[in-house]
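Geometric and topological summary
The primary structure of each chain is shown beneath.
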Amino acid sequence: MNSTSLWYATRASGIVALILLTLTMVLGLVTTTRPRARNWPGFAQQEIHRRISIMAVVFVAIHVFTSILDTYVHIGWLAVVVPFASPYSRFWVGLGTIALDLMVAVFVSSLLRAHLKPGTWRAIHWLAYASWPVALIHTFGMGTDSREHWVIALGALCALAVGLSLAWRVRAAAKRRASVPTTANHLVPLNPHVTTARTRGPL
Amino acid sequence: MSGMRIRIDPVACEAYGYCAELLPEAISLDEWGYPIVDDRPLDSELMALAKRAVRDCPKRAITLLDKTSG
Amino acid sequence: MTQANPVQALDDVHRLLGHPSDLRGHLNAHGPLNVPLGRNGSWQQDLVTSLEASGLNGRGGSAFPTSIKLALARSAGRGGSVVVNAMEGEPASDKDTLLLIRTPHLVLDGAQYLGALCHAARIVVCIPIGRDPVATAVNQAILERARNRYAPVREEIVRPPGRFLAGEESALTNWIESARPLPVFRPDKGAPLRLGGRPALVHNAETLAHIALIARHGAGPFRARGMTEEPGTSLVTISGDVKYPGVVEIDRGTPLWDIATRSQPVASVQALLVGGYGGTWVGPGHFGTPYAPIALRTIGAAAGAGVIAVLGETSCGLAESARIARYLAGQGAGQCGPCVYGLPAIADDMARLARGEGSGEDIVRLHRRLDQVNGRGACRHPDGAVNLVRSALAIFAGDVAAHGQGHPCRHWRKPTSLRFPRTVGL
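What this report covers is the structure whose coordinates are included nearby. (Residues numbered from 1 in each chain as written. Chains lettered and ligands numbered in written order. Predicted model: local features only at pLDDT ≥ 70, side-chain atom pairs only at ≥ 80, totals over all residues.)

Observations regarding the overall build of chain A
What chain A contains, in helices and strands, is seven helices and zero strands. The burial tally for chain A puts 24% of its 203 residues in the buried class. Contacts in chain A between residues at least 24 apart in sequence constitute 61% of all its contacts with a sequence separation of at least 6. (Helix = DSSP H or I, 4+ residues; strand = E, 2+ residues; numbered from the N terminus. Buried ≥ 20, exposed ≤ 12 C-beta atoms within 10 Å, placed from the backbone. Contact = placed C-beta atoms within 7 Å.)

Observations regarding the interface of chain B and chain C
Across the boundary between the two partners, chain B contributes 11 residues, which contact 12 residues of chain C. Per-class residue counts for the side of chain B that touches chain C are seven nonpolar, one polar and three charged. (Nonpolar A, V, L, I, M, F, W, Y, C, P; charged D, E, K, R; others polar.)

Notes on unusual backbone geometry
Positive phi, normally seen in glycine, also occurs at Arg60 of chain B, with a value near 55°. Structurally, Arg60 of chain B can be placed in the loop between α2 (47-56) and β4 (62-65). Of note, Ala179 of chain C is a non-glycine position whose phi angle comes to about 65°, a positive value. The exposed category is assigned to Ala179 of chain C, around which 9 C-beta atoms lie within 10 Å.

Concerning the environment of Gly28 of chain A
The residue Gly28 of chain A is located in helix α1 (residues 3-29) in this model. A C-alpha to C-alpha distance of 9.5 Å links Gly28 of chain A and Ile48 of chain A, two positions 20 residues apart in sequence.

Overview of the nonpolar core
Among the nonpolar cores identified, the biggest contains 131 residues, and Val84, Val107, Leu272, Ile308 and Ala325 of chain C are the most heavily contacted of them. In contact with Ile308 of chain C, not counting residues within four places along its chain, are Val236, Ile238, Leu256, Ile259, Ala260, Leu272, Leu273 and Val274 of chain C. Cys13, Ile27, Tyr34 and Ala61 of chain B belong to the second-largest nonpolar core, a separate cluster that totals 21 residues. (Core = buried A, V, L, I, M, F, W, Y, C linked by C-beta atoms within 7 Å.)

Comments concerning helix α4 (residues 95-102) of chain C
Every α-helix winds through 3.6 residues per turn, so residues three or four apart in the chain are directed the same way. Residues and elements named next belong to chain C. Taking burial as the measure, the eight residues of α4 include eight buried ones, the bulk of the element. Three or more residues of α4 are buried, namely Lys95, Asp96, Thr97, Leu98, Leu99, Leu100, Ile101 and Arg102. On its buried side, α4 packs onto α5 (104-118), α6 (132-147), β5 (198-204), α8 (205-217), β6 (233-240) and β7 (246-251).

Here's the deal with the sheet that holds β6 of chain C
Residue and element names in this part refer to chain C. Pairing within the open sheet is mixed, and its five strands lie in the order β7-β6-β10-β8-β9. Of all strands in the sheet, those with a lone pairing partner are β7 and β9 (280-282), marking the two edges. Mean inter-strand twist for the sheet, computed between neighbouring axes without regard to direction, equals 30°. Pairing geometry for β6 and strand β10 (residues 307-312), over four bridges, is parallel. (Pairing = 2+ DSSP bridges. Axes fitted to C-alpha atoms, helices over the stretch in contact; angles between N-to-C directions.)

Laid out in C-alpha cells, this is it:
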C-alpha cells in the first residue's frame, strides 16, 4: 500500500469509527427500565449496542494501524498506547490515544463482565462518557478534513445526537426517581417510643 | 424437560424487563415492571433463550438453577 | 421495681421476669456461670443435649428450633460472633427492652453459653439508636461483669439505626460488617450468617435468657411449664384498647383470651392482632386458641414477636390495618421493586377503603396486588404486610363490604389505639 492509500484509509476509517462510536453511545444512553413502550424490544437494542461497539472497535483498529504504517508522517507504535508520544502532531494524536485507551478499557471490561463486581464494571463503563468527546475533539483537531463542510456537518450531527441522548437519559432517570413512592423513602430512624420498662397495674 | 429453574435476585433486579421479552413463557411482569417467575422447570426448547436472558440482564439478576440446588 | 407482683415462690427462679438486675443478686438467684476453662467436651455435649431436650425455639419471630440453629453455627467454624438481637423493631413489642433493663445478666449469660459452645471470639449486643436506657443498663452490666472477671467471652455493644428492618438478622450482620442495615438475599436458608469471614449466630434476647436458665437448671424446669409440644414460657407485649398495656410472662399454651384479659380491655373486643404488625388478626371464634406456634398455625397465625394488640368495638379494624400497612410501607429497605412499589400501593388501597372511598374494583385490584407482592422480596417484610392485610380483609369482611359501598363505620376517624413511632396518617 502506498502512503496515499494508507492516508485515505486512516481518514475514512476514522470518520466511520466516529459515526459508529456515536451510534454506540446513543443506543447505550436511550434505554430505560420498565415500564417502557410495550412493543420496544429492549433486549434487542442492547444486543445491537454491543454489536455496533464491536464494529466501532474494528474501525478504530484499522484507523490506528493504517496511521502507524503510513511512513509519510512518523507516529510510532508507542503512541498507540502512550498519550503524547507521537512526534507528529503530538497533542491531537495524543487525544486520539487517550480516547483509544479509554475505549479499550470499556471494551475489555465488558468482555470480562461476568468476572467483575457490578459496581466496578459500571464505573469503567462510564469512562465511555470521557472517551467519546475526546474522540470527537481529536477528529477535528487533526485538521486533515475538518474544514470540509460535510465533515463539519457530520460532527455537529454526532454531537447533537449524543447531547440529546444524554439529556433524555438524565430526564428519564429523574422521572424514575420521582416515581418511587415517598413512603418508601423514609430513611429516618425511628423515634424512641419506649424509654422505660412498663408493667403497670395487675399483670 | 430440562429440569432447570429460573431464580431472580430481587435486590439486583431493576426492572429492565429483557428477561420477560425473551422468555414470556416463563416470566411475566407485574404492574411495576418487575418479573414474576413461573416456578416450574423449563422446557428444553426454552433453554437457549433462558441462557440468553441470563447473559443479557444488565444487572446479572437472573440465574438458572438445576434440580439439585436451591 | 415491680409495682404489683412481688417475686413469689421458689419456682419463680425459673421464670424470666422478677429477678435482680445486679450481678450479685443474679448470682445469688441462679448460681455461678460455670463455663469450664478449656471448654470441656462433655460439658459441651451435656449443654447441647439440654437445649435439644428443652425444645426451645426462637422467640424473635422465627420460631426456629434453637438446637438446629446452634448445630449449623458450630459446624461453620470457630472464632465467630454471637450476636444478641435486641433491636426489637416491632413498635408493639417491649419485651426485649424490658428484659435487658431488668435482667441483662440473664441475656448475656445465654450469649456466653452459646459462645462457649461455638468457640466464639466475641459477643455483640445490638441496641438501636434511640433506646439509650437499654444501652445504659446493658453497658453497666457489662462493666460489672468485666470488673468481676466474670465473662469468658468479650462482650460489646453496638448501636445500629432504629429502623424496623434493621433487626432482621441478615440486615443486622450486614450493618455490623458494612454499615448498611439492608437484608441480604439468602436463597439458601441453611447457610449460616457470617461476620468478618467467621460464623455469626444471631439470637433474640429472650431466647438467650431462656438458654441461660436451661443451661443453669436443665431442661426439666423449662419443660415443666407450657405444653408438652410447646414447652416453656414466653414474654408477650399487650397493647391496644386496654387499660394496662405492658409485658407479661405466660406459659406457652395459655389461651389468647386469657392473655389479653390480663391487660383489661376497655371495651368489648372485636379482634386480636397476634404476632406483630406483620402478624394476623384473630376473630372472637378463635380467642380460645392456645398461644403456641403449633396451635396458632392451624388458624393461620404465628407467635411472631410476642405481640398481642387488642381491638375494641370502638375502633375500626380496617382503619387500624390501613395505618399498619402505611407504616410497613415506609419501613422497607428500598431494595426490591415489588416491596418499594407494591407496599405503598397496597397502603393506598387500604387507606381508600378505610375512608369509605373504595369500590369493588379496588378490592379486586388489592387482592391481585397482595398475590403479586407476596414472596417477591429478599426478606419477609412484604410477606408480613401481605399477611396482615389479608387477615384484615378476612376478619373484617363485614366492614369491607360496608366501606366498599361508601358506608364506612364511624370509627375510622378515631385516633389510633396502636403504637407507632411517628404519626401515621390515613
